[in-house]
Amino acid sequence: MMLKKWAFFIFSLVQLVWLAGCTEKSFEPIERDRDFIASLNIQEPSLDFIDEQGNMMATWLLDKAYSGAVLLGKDRVLLYGHQLNEIDVYTLSTGKKIYSKKVQVGTTNAYYAENRKQFFITNSKTNTVTSFDEKGKELATQKLGNYPMSMAAHKDKLYVINYKDTKLSVLNIENLKVEQEWPIQKSSHGIAILEETNELWIGGHGEGSKPNSSVKKYDLTTGEEHGKIEMPLMPVGLTKTRDAVLVVSHGHNELYVADFDGNVKWQQEVGANPFVVNQFKDYIVVAGYDDHTLYFIKEGQVKKTIDVGKGAFQLLVREEKM
């Protein structure tokens, strides 16, 4: 009798595990050939997909406290959270999860290097950066400064800003060995690489009673400072386009557009507490964190506004390159 009860318990447990696997949450698929800009919203976690006409293609209502996302190629998205102990990777064209990967609590950022088919994760608790292949296999890890976060790659180098430190780490992207450390301002945030001028630009919040109001330029090879560009308070979102660098300052709700020499071409007040800006088709798109709105800007004018979920914090762009 006891044996039968035990067998029934095991059978029931197997059924529960099987049902759990079958009921894994999935989302509305995003067609492979459709370009989009997606807003990751973090106050009530969601991912809104929007087309060039401003139409809402789909909204993924997320059930975890994700604080960031990155596209892995054209058809996958990686979601992470600073307080989560795993990352999740979904296929866009099916809306289904491919895999989850256990990580340490404290993920601050994820970056995808297209030419290497690898992604990199920084962690503020362990003060490390770790590389993974596309299937989530860990490849290498490296101890860095205090609170590594903003990342960018160029050729065989990975550049990492240590947010609560006074150094930027330059790593060999293959094995993550630290090759250089550049002195930078504490609370630096936002990074852009300009191949045209062999420079790296960084923004930042500033520290304490001395908020930052400039973007600094560094030689991409030596780390020598090339000067700074005066910007409004707290320029933290930097994005390089074909012919300009877009900068948003969340301290003054301003968008600045600068040429590669650092000359400001034009500026505009836009959004409420913007953290991020990106290019989508012919539009510059700014996300307002506090007003939950995307601003589509063309020729210096706001052409349309799109309501998104609460706390628009990141913008992901997928489009066929011309």
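Parameters at a glance
Counting restarts for each chain: residues are numbered from 1 in the order of the written sequence. Confidence filtering applies because this is a predicted model: local features only for residues at pLDDT of at least 70, side-chain atom pairs given and counted only at 80 or more, and all residues used for totals across whole chains, interfaces and linings. Think of the side-chain values as coming from all heavy atoms in the structure, minus any hydrogens and water. Here's how the labels work: a residue is buried when its accessible area is under 20% of the maximum for its type, exposed when over 50%, partly exposed in between, all with a 1.4 Å probe on protein chains only. Put simply, DSSP marks the helices as runs of H or I at least four residues long and the strands as runs of E at least two long, and each gets a number from the N terminus on. Criterion used throughout: strands pair if DSSP finds at least two bridges between them. Orientation is described by lines fitted to C-alpha atoms, with helices fitted over the stretch in contact, and by angles between N-to-C directions that extend from 0 to 180 degrees. Residues are said to line a cavity or pocket when one of their atoms sits within 4 Å of a point; the points come from a 1 Å grid over protein atoms alone, cavities being sets where a 1.4 Å probe fits but cannot get out and pockets being open sets with protein on both sides within 12 Å along at least five of seven lines. Grid points are joined across faces, edges and corners, and a volume is the space filled by probe spheres set on the points. As a working rule, the residues Ala, Val, Leu, Ile, Met, Phe, Trp, Tyr, Cys and Pro are called nonpolar, Asp, Glu, Lys and Arg charged, and the rest polar, with Gly in that last group.

Successive side chains on a regular strand alternate, one facing one side of the sheet and the next facing the other. Within strand 2 (residues 46–50), five of the five residues are buried, which leaves it mostly tucked inside the rest of the structure. As defined by bridge partners, strand 1 (residues 36–41) adjoins strand 2 across five bridges and the pair is classed as antiparallel. Bridging from a neighbouring strand, A38 pairs with F49 of strand 2. Taking the residues that link successive antiparallel strands as the turn, the strand 1-strand 2 hairpin has four residues. Strand direction decides the pairing type here: strand 2 and strand 3 (residues 56–61), joined by five bridges, are antiparallel. Counterpart to S46 in the pairing with strand 3 is L61. What sits between strand 2 and strand 3 in their antiparallel hairpin is a turn of five residues, with G54 showing a positive phi close to 90 degrees.

Turning to the sheet that holds strand 16 (residues 188–194), a few remarks are in order. Strand order in the open sheet formed by four strands is 16-17-20-21, and the pairing between neighbours is antiparallel. Of all the strands in the sheet, the pair left with one neighbour each is strand 16 and strand 21 (225–230). Looking at each pair of strands side by side, their axes are set apart by 25 degrees on average, direction ignored. Looking at chain direction, strand 20 (residues 214–219) and strand 21 are connected through five bridges and run antiparallel. Bridging across to strand 21, K217 finds its partner in G227.

Here we take up empty space enclosed by the protein. Per the counting criterion, the structure on display carries two cavities of 30 Å³ or more. Within this model, the largest cavity holds a volume of roughly 40 Å³. In terms of lining residues, the largest cavity is bounded by Q185, K186, S187, S188, I202, G203, G204, N212, S214 and K216. Among the secondary structure elements, those contributing two or more residues to the lining of the largest cavity are strand 17 (199–204) and strand 20. Considered class by class, the residues forming the lining of the largest cavity number one nonpolar, seven polar and two charged. Estimated volume of the second largest cavity: approximately 30 Å³. Lining of the second largest cavity is provided by R32, D33, R34, D35, K74, R318, E319 and E320.

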